[in-house]
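Residue-level listing of the chains:
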Amino acid sequence: MIAEIISIGTELLMGQVLDTNAQFLSRRLSALGVTHQRRSTVGDNPVRLKETYAAALGRADVLITSGGLGPTGDDITKSVLAELLEEPLVVREDALARLKERFSRMNRVMPESNIVQAAFTKDSIILPNENGTAPGAIVPCDRFGAGKIVIHLPGPPAELEAMFDASVAPYLQKRSGSALVSRYIRIFGMGESEAETRVKDLTQGSNPTLSPYCSPGEVMLRATALCSCPSEGAAMLAPLVSKVRDRLGDVVYAVEETDGGSLAKTVIALLIDKHQTLSVAESVTGGMLSSMLVSVPGASRVYAGGFITYMNERKEAFTGVRHETLTRYGAVSEPCAIQMAEGALLRAGTDIAVSVTGCAGPDSDERNTPVGQVFAGVAVRGRAYAKALRLTGSRQHIRALACLHALNLVRMELIKGDASALNE
């Protein structure tokens, strides 16, 4: 089964909006064992959209569209396909009833213009939208070949993703008769080239396969098995994942069934498992570290909060950094990082505290600290230490990397104790 994706919207074509839907759909199609060969973006132009439909249906078995299902004049996704199929759009009473019910739940009167959202070709399978007003649809396109379909999905990512997982994935799984089951092996503390070298022979297999991916600050390996059912795939992948863990060791921080893992997620899970609480003290990251932590559901069970101490006097006032420390060593120093972590631990009353201080650039500070010099500190009851880091990249990249290193220190503290000797 061959699939293509068409992202519809002038705002996407002009670069005003980032097309995260195409990325999501590409990953989900791969996981379902559906061959994805092409991806297109077309503006809200009926002539060009019609041409794109015709060309894609000539090549693919399944065409997935995103966007253009709203009630305004530039929402042409359904009408252009109906014209190509030479079939009229008709208002489906079941879809209209659900649409009216949704507006009623929102305590709003449904405008007449929204009725078009309940209009489909007569043989369309309607996909309910639990997060918005635009239903999706699976539209048979047999005039282009037996079994060919177009799947219309809404543009807002939250609506598209929920609709795909609830309605489209089961439909495609049933049609394909096979699946790709994956495990995403997430790595921090080892470069891509070294990780790939250690597992190079494992990447030569045909089923299951192992492929490296690089993302900012970390590395990911994807192990994938072509199989008939998820349980079979899991059994095929378990020995491969075990070999990777043996070769890479503690730099493997998570193995996930989807690519939604993160160091913050792993740290929160470890804290919950060990009944520990965490606080942070941030300078260079300015709240970014705290934001990563609270983005994880359930973080409130273990993350107490943090102190943003961007100015030196706030380091003294909020976390008790000694004035003589700042005078003698400066804010970007090991003693300062240690005292920030100790202060956060004491004042937040947590089991662990982590601190981050550094120079992210683009220029050095008043003490000529090199851009990218960062210290991450950890404090637990009775013990504190700091790790010196030399990071490179843009200001934003350095700040993000500093957060990842701080999270990894907490991770290693939780699983091994003193992480001060780590050589990240």
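Up top you'll find the structure we're talking about.
Because the structure is a prediction, the values reported are computed rather than measured. (Residues numbered from 1 in each chain as written. Predicted model: local features only at pLDDT ≥ 70, side-chain atom pairs only at ≥ 80, totals over all residues. Heavy atoms only, no water.)

(A) Structural view of helix H8 (residues 230-248). For H8, which comprises 19 residues, the first-to-last C-alpha distance of 26 Å matches the rise-based estimate of 27 Å (1.5 Å per residue) to within 8%. Remark: the principal bend of H8, roughly 30 degrees, maps to Leu237, with a proline, Pro239, within the next four residues. Here H8 has its buried residues at Gly233, Leu237, Leu240, Val241, Val244 and Leu248. Where H8 is buried, its residues meet strand E9 (179-187), helix H7 (192-198), strand E10 (209-215), strand E11 (218-227) and strand E12 (252-256). Looking at the residues trailing H8, positive phi occurs at Gly249, about 75 degrees. (Helix = DSSP H or I, 4+ residues; strand = E, 2+ residues; numbered from the N terminus. Expected span 1.5 Å × (residues − 1). Bend = angle between axes of the 7 residues up to and from the residue. Buried < 20%, exposed > 50% of the residue type's maximum accessible area, 1.4 Å probe, protein only. Contact = heavy atoms within 4.5 Å.)

(B) Fine view of the sheet that holds strand E16 (residues 373-380). With mixed pairing, five strands are arranged side by side in an open sheet as E14-E13-E15-E16-E17. The open sheet has two free edges, formed respectively by strand E14 (303-308) and strand E17 (383-390), since each of these has just one partner strand. Adjacent strand axes in the sheet meet at a mean angle of 15 degrees, parallel and antiparallel pairs treated alike. Here strand E13 (residues 278-282) runs beside strand E15 (residues 352-358); their pairing, made up of five bridges, is parallel. Looking at the pairing, Leu278 lines up with Ile352 of E15. (Pairing = 2+ DSSP bridges. Axes fitted to C-alpha atoms, helices over the stretch in contact; angles between N-to-C directions.)

(C) Representation of the packing of aromatic side chains. Throughout the structure, instances matching the rule amount to one aromatic pair. Look at Phe24 and Phe164: their rings are 5.9 Å apart centre to centre, the planes differ by 85 degrees, and that puts the pair in the edge-to-face class. With Phe24 in helix H2 (residues 20-31) and Phe164 in helix H6 (residues 157-176), the pair connects residues that are 140 residues apart, well separated along the chain. With a relative accessible area of 11%, Phe24 lands in the buried category. Classification of Phe164 as buried rests on a relative accessible area of 0%. The ring of Phe120 has Lys78 lying over it, and the distance from NZ or CZ to the ring centre is 4.2 Å. Here the guanidinium or amino end of Arg314 rests over the ring plane of Phe318, the centre of that ring lying 5.3 Å away. (Phe/Tyr/Trp six-rings, centres within 6.5 Å; stacked < 30°, edge-to-face > 60°. Lys NZ or Arg CZ within 6 Å of the ring centre and 35° of its normal.)

(D) Region of the structure containing the nonpolar core. Core analysis: the largest hydrophobic core is formed by 40 residues, its most contacted members being Leu271, Leu278, Leu289, Leu293 and Val354. For this core, the secondary structure elements donating two or more residues are E12, helix H9 (263-274), E13, helix H10 (288-294), E15, E16, E17 and helix H14 (395-416). Top element by residues in this core is H14. It accounts for 10 residues. Every residue in contact with Leu278, bar those within four places of it in the chain, is listed here: Val267, Leu271, Leu293, Val302, Tyr303, Ala304, Gly305, Thr350, Ile352, Ala353, Val354 and Val410. Counting residues in each nonpolar core, the second largest holds 25 residues, with Val80, Ala95, Ile126 and Val139 among its members. (Core = buried A, V, L, I, M, F, W, Y, C linked by side-chain atoms within 4.5 Å.)

(E) Quick peek at the packing of H9 against H14. Contact geometry of H9 with H14 gives a least axis separation of 9 Å together with a crossing angle of 30 degrees. Our classification of the angle between H9 and H14 gives roughly parallel. Between H9 and H14 lies a crossing whose hand is left-handed. From H9, Leu263, Ala264, Thr266, Val267, Leu270, Leu271 and Lys274 reach across to H14, where they touch Leu404, Leu407, Asn408, Val410, Arg411, Leu414 and Ile415. (Parallel < 35°, antiparallel > 145°, perpendicular 65-115°, else oblique. Left-handed = near helix turned anticlockwise from the far one by under 90°.)

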